[in-house]
Amino acid sequence: MKRAIILGLAGAAGLVASCSFGPMWSSPEMPVPAEFRGAGAADSTMADLPWQQVLNDANLQALLNDVFASNRSLEAMMHNVESARRYITVARAPMFPSLGYLAQGSKGASSPSTISVASEKTIPGAAGLSASWELDLWGKTRKGVESAEAQALAAEENLNNMRLSLMKQVASGYLRLIMLDEQLRIAHEAVASYRDSLKLFENQLESGVANKLQTASAQAALSASEAQIPNLEMQIAEMENTLSVLAGRAPGSITRSGSMQAFAGASSVAAGIPADVIARRPDIRAAEQTLRAANAEIGVAIANYFPSISLTGLAGIATPDLRHGLKNSQDGWGIGANLTGPLFQAGQLRANEAMKRDAFLAAKADYEQAVLSALSEISTTLVQRTKLRDIMKKQEQAVAAYQESVKLSKARYAQGLASYYEVLTAQQGLFPAQTQLAAYRYQYAACIPTLYTQLGGGWKTK
């Protein structure tokens, strides 16, 4: 009779094994434009290119390879990914029977005060194996596994997104170092020029040719330029230290080459189709998997309303006297079924389900926000690159005009048609314009790694 009951329960479990509660999962649909603002429609995208081809600088590539191999935050994230993968095994374990073992036995002696000789007492011993299995009738375990799998995929995508973030940060920092080097060179040239001007005006002042206004202007220009040098050196050291730490090194110098003009003159870029970018970006894919996990958790919460049925079994041996070992042992076994379910939980189950649904809606809003933010970031960078190209050309024209002004003022001074104060005035316009041009070139060049990572390119490091 008992065997029939157990077989009946097992058969019922098989019939309802496919039962699963909670909303079915489907990938969210988010309307996206046909093309990015700031760029026309394009079938290709620079995100398809390997990062080594986009960031074509040997020193930068070596630095990035060190970052991918030694960055501590990246290493920590990798361990988190492994932990998330292992949790899938934990979540899947209840789908299978669990086996255990037991053993017991003892021996003791007592010596009552009324008896002069101690008496020995032997307690029976037992050993055996136990098994238990909770039937997943309502899909609670399966939904838990689905949630764990989604969370593991989200962790992997977050790892990929961290690689992109580091690539953008390191490439932009490397370009900034080149910009600072160029600005430092300009500052040294300005100091040398203003020092010569000051010496000239001081000599002329002694001779009664120049006045104190001209000398003070030369001194102010020299001092302002000299102040820029330690400021730029400080920024360079700070940037080198930041990049060194990102590469897993102690703070130190960063080997670099190239010029801002070469980086700024990179080829045109293709953004591609927004829908393809959305499907590629790791942060959006992570948000989607987080949403999927939240959807599965609703099923787990609903399954808690229903009873759980578990099968248990026990098989082993028992002996009345441990001194005789297994000689007098007897076999034994048992099998049973347990049914437990909630009757009164003071609103806990309903509140738990409501919390999971709220978490799903929050995850859905986060996913939609990630899509909108991605579209905004890419469009902004595309517009910035277009506008910075125009700004850079105008600034180049300004620098050329100042250079011509300096040249003409020096010629007029040599011919005795103007004082050297005219040269100083022209130089005071030239050097700041050159410094600003270097900054514009940096901003324009930095659009390349920024846009490349925003489009979802580069997270495959091999």
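Just so it is clear, the structure is predicted and the values come from calculations on it, not from any experiment. (Residues numbered from 1 in each chain as written. Predicted model: local features only at pLDDT ≥ 70, side-chain atom pairs only at ≥ 80, totals over all residues. Heavy atoms only, no water.)

## A word on the overall build of the chain
Then comes step 1: Secondary structure summary: the chain contains 11 helices and four strands in total.
Then comes step 2: Scored against the burial criterion, the 462 residues of the chain give a buried share of 38%.
Then comes step 3: The long-range share in the chain, meaning contacts at least 24 apart out of those at least 6 apart in sequence, stands at 84%. (Helix = DSSP H or I, 4+ residues; strand = E, 2+ residues; numbered from the N terminus. Buried < 20%, exposed > 50% of the residue type's maximum accessible area, 1.4 Å probe, protein only. Contact = heavy atoms within 4.5 Å.)

## Concerning the pattern of salt bridges
Then comes step 1: Taken as a whole and judged by the stated rule, the model has 22 salt bridges.
Then comes step 2: The partner of aspartate 136 in a salt bridge is arginine 142, with the nearest N and O atoms 3.0 Å apart.
Then comes step 3: Residue class for aspartate 136 comes out buried when judged on its relative accessible area of 17%.
Then comes step 4: In this structure arginine 142 comes out as partly exposed when scored by relative accessible area, which is 25%.
Then comes step 5: The salt bridge partner of arginine 285 is glutamate 157, with a shortest N-O separation of 3.0 Å. With a gap of 128 residues between them, arginine 285 in helix H9 (residues 282–303) and glutamate 157 in helix H5 (residues 140–207) connect regions that are remote in the sequence.
Then comes step 6: The exposure class of arginine 285 is partly exposed, given its relative accessible area of 26%.
Then comes step 7: Owing to a relative accessible area of 10%, glutamate 157 belongs among the buried residues under this scheme. (Salt bridge = Lys/Arg side-chain N within 4 Å of Asp/Glu carboxyl O.)

## Observations concerning the packing of aromatic side chains
Then comes step 1: With the rule as written, the count across this model stands at three aromatic pairs.
Then comes step 2: Aromatic pair tryptophan 51 and phenylalanine 68: ring centres 5.7 Å apart, planes at 80°, arrangement edge-to-face. With tryptophan 51 in helix H2 (residues 51–54) and phenylalanine 68 in helix H3 (residues 58–70), this pair connects stretches of sequence that are 17 residues apart.
Then comes step 3: Taking relative accessible area as the criterion, phenylalanine 68 reaches 12% and is therefore assigned buried.
Then comes step 4: Where tyrosine 194 meets phenylalanine 431, the ring centres are 5.5 Å apart and the plane angle is 85°; that geometry is what we call edge-to-face. In this pair, tyrosine 194 sits in helix H5 while phenylalanine 431 sits in helix H11 (residues 420–454), placing the two residues 237 residues apart along the sequence. (Phe/Tyr/Trp six-rings, centres within 6.5 Å; stacked < 30°, edge-to-face > 60°.)

## Describing H5
Then comes step 1: Between the first and last C-alpha of H5 there are 97 Å, a value that for 68 residues agrees with the 100 Å anticipated at 1.5 Å per step.
Then comes step 2: Looking one or two places after H5, you find glycine 208, whose phi comes out positive at around 80°. (Expected span 1.5 Å × (residues − 1).)

## Quick word on the packing of helix H6 (residues 212–246) against H11
Then comes step 1: Where H6 meets H11, the closest approach of the two axes is 11 Å, and the angle between their N-to-C directions is 30°. The orientation of H6 relative to H11 falls into the category roughly parallel. The handedness of the crossing between H6 and H11 is left-handed. Residues Gln214, Ser217, Ala218 and Ala221 of H6 lie in contact with H11, whose contacting residues are Tyr421, Leu424 and Gln428.
Then comes step 2: Looking at the contact of H6 with H11, its residues break down into four nonpolar, three polar and no charged. (Axes fitted to C-alpha atoms, helices over the stretch in contact; angles between N-to-C directions. Parallel < 35°, antiparallel > 145°, perpendicular 65-115°, else oblique. Left-handed = near helix turned anticlockwise from the far one by under 90°. Nonpolar A, V, L, I, M, F, W, Y, C, P; charged D, E, K, R; others polar.)

## Topic: the packing of helix H4 (residues 72–92) against H5
Then comes step 1: Interaxial distance between H4 and H5 falls to 8 Å at its minimum, and their mutual angle equals 170°. When the axes of H4 and H5 are compared, the pair comes out roughly antiparallel.
Then comes step 2: Across the contact of H4 with H5, the residue classes break down as 15 nonpolar, five polar and five charged.

## Regarding the nonpolar core
Then comes step 1: Residues Phe36, Leu55, Leu64, Val170, Leu243 and Leu455 are the most contacted members of the largest nonpolar core, which totals 78 residues.
Then comes step 2: Tallying contributions element by element places H5 first for this core, with 23 residues.
Then comes step 3: Beyond its immediate sequence surroundings of up to four residues, leucine 64 is in contact with Trp51, Leu55, Met167 and Val170.
Then comes step 4: Of all hydrophobic cores here, the second largest spans 10 residues; its members include Leu388, Met392, Ala426 and Ala433. (Core = buried A, V, L, I, M, F, W, Y, C linked by side-chain atoms within 4.5 Å.)

## Section: the confidence of the model for the chain
Then comes step 1: Per-residue confidence for the chain gives a mean pLDDT of 84, with 85% of residues at or over 70.
Then comes step 2: Overall, residues 1–10 carries pLDDT values under 50, and its contacts beyond four positions in sequence, including any with other chains, amount to six contacts.
Then comes step 3: Note that pLDDT drops below 50 for residues 114–119; the model gives that stretch four contacts with residues more than four away or on any other chain. (pLDDT = per-residue confidence, 0-100.)

## Some points on the side chain of threonine 45
Then comes step 1: Within the fold, threonine 45 resides in the loop between helix H1 (2–15) and H2.
Then comes step 2: In terms of polar contacts, threonine 45 uses its side chain to reach the backbone carbonyl oxygen of alanine 271, at 3.1 Å.
Then comes step 3: Apart from the residues lying within four places of it in its own chain, the contact partners of threonine 45 are Ala270, Ala271, Gly272, Arg280 and Leu455. (Polar contact = N/O pair within 3.5 Å; in protein donor to acceptor, adjacent residues only side chain to side chain.)

## Re H11
Then comes step 1: Here H11 spans 51 Å end to end across 35 residues, near enough to the 51 Å set by a 1.5 Å rise per residue.
Then comes step 2: The sharpest bend along H11 reaches about 25° and sits at cysteine 447, with the proline proline 449 one to four residues further on.
Then comes step 3: Backbone geometry just downstream of H11 places glycine 456 in the positive-phi region, at approximately 90°. (Bend = angle between axes of the 7 residues up to and from the residue.)

## Overview of the environment of valine 300
Then comes step 1: By the secondary structure assignment, valine 300 is in helix H9.
Then comes step 2: In sequence terms valine 300 and glycine 144 are 156 residues apart; their C-alpha atoms lie 6.4 Å from each other.
Then comes step 3: With sequence-adjacent residues up to four places away left out, valine 300 is seen in contact with Lys140, Lys143 and Gly144.

## Some thoughts on the environment of asparagine 160
Then comes step 1: One can find asparagine 160 in helix H5.
Then comes step 2: In the structure, asparagine 160 is positioned 86 residues away from leucine 74 in sequence and 9.5 Å away in space, judged by C-alpha atoms.
Then comes step 3: When sequence neighbours within four positions are dropped, the list of residues in contact with asparagine 160 reads Pro282 and Trp459.

## A few points about the environment of alanine 439
Then comes step 1: Structurally, alanine 439 can be placed in helix H11.
Then comes step 2: Sequence-wise, alanine 439 and methionine 179 are 260 residues apart; in three dimensions their C-alpha atoms are separated by 6.6 Å.
Then comes step 3: Other than its neighbours up to four places away in sequence, alanine 439 contacts Met179 and Gln183.

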